[in-house]
Every structure is written in structure tokens, then in C-alpha cells.
Amino acid sequence: MSVYTHLSDDQFKDFCQMFGVSFAKAIPITQGIKNSNWFIQTTEDTADSPSYVFTLFEERPPEDIAKMATILNRLKDTLPVAAPLAKVASNTDGSSTAEGSSTAEGSSPYVAHFEGKAITLVPCLSGGHPKQTTPDMCYSMGQALATLHNVLQSLTPAEEYGVPLYPWDQVRDRETQFMPADEAKLMSDIWQAYEELPLESLPKGLCHLDMFADNTLWDLEDGNEKLTGLLDFTEVSVEHYVMDIAITINDFSTTWGDANDGESVNFNTEKKQAFIEGYQSKRPLSAAEKQALPVMLAMAAVTFWLLRLNVIYYNREQGRTGDSIMVKNPDLMKRLAAYHWNQVGIKIGEV
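Residues numbered from 1 in each chain as written. Predicted model: local features only at pLDDT ≥ 70, side-chain atom pairs only at ≥ 80, totals over all residues. Heavy atoms only, no water.

Peer 1: Got a minute to help me understand helix α4 (residues 168-175) in this structure?
Peer 2: Because each turn of an α-helix spans 3.6 residues, side chains separated by three or four positions end up pointing in the same direction. Along α4, the positions that sit buried rather than exposed are Trp-168, Val-171, Arg-172, Arg-174 and Glu-175. Projected onto a plane normal to the axis of α4, the buried residues spread over an arc of 165 degrees and lie on a single side. (Buried < 20%, exposed > 50% of the residue type's maximum accessible area, 1.4 Å probe, protein only. Helix = DSSP H or I, 4+ residues; strand = E, 2+ residues; numbered from the N terminus. Arc of directions from axis to C-beta.)

Here it is in C-alpha cells:
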């Protein structure tokens, strides 16, 4: 992801030693929009094969990251996730052992601190980010998300492990003041339809809420389509499962064009159906979830439309500039929201 906070090699070395890792080099990771990330090459690694990812969480408080570590350790036996390393403590004989409990009241064995911000070190997973998705990949992703929902039901009460949902209504109220009237109406209409859903009847639990293709890793060599990694668990919150499904479908089923083709937005219904079939092979959807999905797809696009506008707002407010700052185009999510809202209108017209 983007690099906002900069550390010296000596600082990297000290933090890596805290986790029992021998530091050689930190390599910035510039994709993404929220946290500062680096690949860590150890003294045993070759130049093109780093072993770890070092993350400095720019916004989430350390207690949220400690919850994330618990979640990842619960998932690691059933899904390909990178669980944070535990810090090591020096024994009286000079050796080091992994801590099994917090080193201080309220601290986590998996979280270090820098200027009040949390740091974790996790093993690199194999595979690469997909440039395109296929129906088979969408099926596998549906299975993985359903497995995530099922396994995390064992963490109870869920509210103690999830972080608070972001107040998107406040971002909406701020941003719609400056939108063209048609865009503000689109957002308002979708939001109203969402609030009119029978939300109390929709199952809820711990959800990822950011499972885009660039938060997954795949082995795609020699015709393989094997899921090898699920990333970025900083947004895990208690939410309706169908919202998590909608967020993931939106990215995995959409081909996002680049500047050369006018940044087109092409949603593929075959991929959507493959995802749903994969999901239901592990966790069947309720009738209420199936009925809510079309509006949830539109609402999920609205949420990420607002997220990208919010990143632009805070980058401007905090003076964040430079080549290492990545900003995703909010208009793409606006167009996807409009597409889904049109489909909702078609279905209403068919009734």
C-alpha cells in the first residue's frame, strides 16, 4: 500500500529484531491507499525473495490491530492467511522465545508501536495479484468468503473482535454538498432503498469488508487458478454477510478499464453467479439475503465511492502528496453504483 510514514534502516532493524527477524532491507509497497507497507528482506533472503511484510497502520488504533491478529490466528488453519508474528523476549541466558502472552498490561504479543501507531510483521504468502478474474476464480472466492464467515462465528461475542463500522453517513452528508444534483440523487436513492431493506432479518457476523482482488493472491502459473492468500484484515467488522458478499462480488465480477479505454466499468453476471454458487456450497443464503443482494450490490458500490472520496479529502486536508500516494478513481464506483441501481429498477419494473 502507499507509504505515508518513513522509517530509517536502523528503525526497521530494531523492530524486526523485536519479532526475531534479521533485517537486511525494506522495500516500499506502493499499492493501496490506507497504510504504510514494506517487504522485509532478511539476511538469509535472496534479493528478489523477501520473507515478510512490515505494516505500519496509519489510522487503526493498536487495540484494533490486536483484534485482527486474533482473527488471523483463528483462520490460519482453514484459509491461506498470514498471521502476525509474535514478539520475542530475551531470556536470562541470552536466547529468545516467542511470547505467549502480553508483555505489558493491555498490550499484544503481536503488535509493536511507533508514535502511537501499530506495527505488525507477517510472513509473505506465495502467489500474485490477479490482473483479471475468471468464473472459476469467483467460485473459489465465494467458497473462501463463506468459510471465513463460518469460522469466525466461533469468536463470540463478535462485537469484541470486530472494529466499529466507519460512519459513512457522515461522509455522505459532507460530500453530497459538492456533488452534481444527479450524483447526489443517485446516492440518496440507493441509500434510501438500503434502509428500507428488512435489515433485522439479515444474518450478521464478522466480515472482511474489503475483499477486492488486490487483497488476494493466486497461483496462476501453468493454467492453475489456486487461491494462495487473503490479505488486509484491518476492516473486519460486524456487518450483514450479504454486504460482505456484495463488496467482493463487485470487484471480482467487474473489469475495470484503464485511461486508454476511458476507464470503463464492465460488470459480468456470469462471474457473479459463479461466486454465489461457490459461496452457497459452504453457506447457503437465506431467502431474505437473496432478495436483498441487488440493493446491497448498489450500496456496496456507494460505500466505496464514498471511501475514495474520503481518501481524497484527507489527503488534501493533511497535505499528502508525492508519487508514493495512490488514489483510486471514485467515479468508477459511482458508475458501478449506477449500473446496479438500474438493474434494481429493471427488476422492479418486471414485478
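And the narrative resumes.
Peer 1: Please clarify how the nonpolar core should be interpreted in this entry.
Peer 2: The biggest cluster of nonpolar side chains holds 83 residues, and the ones touching the most others in it are Leu-75, Leu-230, Phe-233, Met-296 and Val-302. In terms of residues, this core owes the most to one element, helix α8 (residues 287-317), which gives 17 residues. With near-sequence residues (within four places) excluded, Leu-230 lies in contact with Leu-79, Pro-80, Val-81, Leu-125, Met-141, Ala-144, Met-211, Asn-215 and Thr-216. In this structure, Phe-12, Phe-15, Phe-19 and Leu-121 belong to the second largest nonpolar core, which totals 17 residues. (Core = buried A, V, L, I, M, F, W, Y, C linked by side-chain atoms within 4.5 Å. Contact = heavy atoms within 4.5 Å.)

Peer 1: What am I meant to see in the packing of α4 against α8 here?
Peer 2: Any two packed helices are characterised by how steeply their axes cross, that is the angle between the axes, and by the distance between the axes. The geometry of α4 relative to α8 is characterised by a closest axis approach of 10 Å and an angle of 70 degrees between their N-to-C directions. Relative to α8, the element α4 lies roughly perpendicular. For the element pair α4 and α8, the recorded crossing hand is left-handed. Listed contacts from α8 to Trp-168, Val-171, Arg-172, Arg-174 and Glu-175 of α4 are Thr-303, Leu-306, Leu-307, Leu-309, Asn-310, Tyr-313 and Tyr-314. Per-class residue counts for the contact of α4 with α8 are seven nonpolar, two polar and three charged. (Axes fitted to C-alpha atoms, helices over the stretch in contact; angles between N-to-C directions. Parallel < 35°, antiparallel > 145°, perpendicular 65-115°, else oblique. Left-handed = near helix turned anticlockwise from the far one by under 90°. Nonpolar A, V, L, I, M, F, W, Y, C, P; charged D, E, K, R; others polar.)

Without other data, these values stay purely geometric and don't point to any function.
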